[in-house]
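Descriptive analysis of the structure
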Amino acid sequence: MQNHLPILCDTHCHINIMVKKTFDTPLLPEHFPLAKTIIDQAAAVGVNRIINVGTSLIESQNCVLIAQHFPNCFAAVGIHPNDATENWQSDLEKIEQLIINDLGVPGITDKFSGGNKIVAIGECGLDFHYPDYDRARQENSFRAQIELALKYDRALIVHTRDAAYETLAIIDEFQGRNLRGVIHCFSEDMKFAHEVMKRNFYMGIGGPLTYPKNNELRNVFKNVPLESIILETDAPYLPPQEIRGKQNSPAQIANIAQFLAQLRNESNETIIRATTQNALFLFRI
């Protein structure tokens, strides 16, 4: 039966956060059975590639631990703009060491990517939503993480909130250096979508596509080329409309793919094949 399941990829989730009650604390041995349950539930509906995304030094370390424990899990390591403290440079040095360590340990319980389990830098970017943000710190942290992605030839997972064009302006500083990445949780209009595609970045979409108020977002994803889309859950956050109020999970990728297929009037198989191919190419899995 398993062989007949589709191959789906959740390109952005936080199982490391789902399995514990306190943010920014290390994973403990008792957290891994719950992580396995979440991963197995996803695999049961065909979601058999999962990228857990770091938002701080500790949560990046947790994502790497999950990737090392589970063959179908991979990690992104980075500092979220809202988590960039005055010690962000020191934290980023330690995050770089995670990448170096990963490069030196081929084949860690991994049959998918040749050994290296850290496939991206992020999530990083700009978030001007809250009034007390430190713009200079966010911008400098973002630039440093872009440099890290380029240095180690990793994809970039970009968080942008109330800072769309400011985010693009920093990305443009690295023009011509073969930077590749995704605008995570894409929430802008068609004009911005065209700007993203001009830069050969992907657009990540998940539960918000299903929210009743998001007509403009549906218009974007109905009309942009399928070659520019990857699927994500951001679990435990942003659950699809039918489970609003409950914890999201990587298993919901199957439902997001189905919703996108209906929106675009394309077959489920077409959506799955294209978005998975995009994800595997972007993250070199």
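Use the structure listed above.
First things first, this report covers the structure right here in the doc.

Procedures and definitions
Residues numbered from 1 in each chain as written. Predicted model: local features only at pLDDT ≥ 70, side-chain atom pairs only at ≥ 80, totals over all residues. Heavy atoms only, no water. Phe/Tyr/Trp six-rings, centres within 6.5 Å; stacked < 30°, edge-to-face > 60°. Lys NZ or Arg CZ within 6 Å of the ring centre and 35° of its normal. Salt bridge = Lys/Arg side-chain N within 4 Å of Asp/Glu carboxyl O. Helix = DSSP H or I, 4+ residues; strand = E, 2+ residues; numbered from the N terminus. Buried < 20%, exposed > 50% of the residue type's maximum accessible area, 1.4 Å probe, protein only.

**Looking at the packing of aromatic side chains**
- Applying the stated rule across the entire model yields 5 aromatic pairs.
- Here the aromatic residues Y165, F186, F192 and F221 are joined through ring pairs into a cluster of three or more.
- Directly above the aromatic system of F74 lies the positively charged group of K117, at a separation of 5.1 Å from the ring centroid.
- The positively charged end of R244 is found above the aromatic ring belonging to Y211, 3.7 Å away from the centroid.

**Things to note about the pattern of salt bridges**
- Applying the stated criterion across every chain yields a total of 13 salt bridges.
- Between E195 and K198 there is a salt bridge, with its nearest N and O atoms 3.1 Å apart. Of this pair, E195 and K198 are both found in helix α7 (residues 190–198), 3 residues apart, which corresponds to roughly one turn of the helix.
- By relative accessible area, E195 is classed as buried at 17%.
- Between R264 and E266 there is a salt bridge whose closest N-O contact spans 3.0 Å.
- Residue class for E266 comes out partly exposed when judged on its relative accessible area of 30%.
- Residues joined by salt bridges that share partners form a network here, namely D172, E195, K198 and R199.

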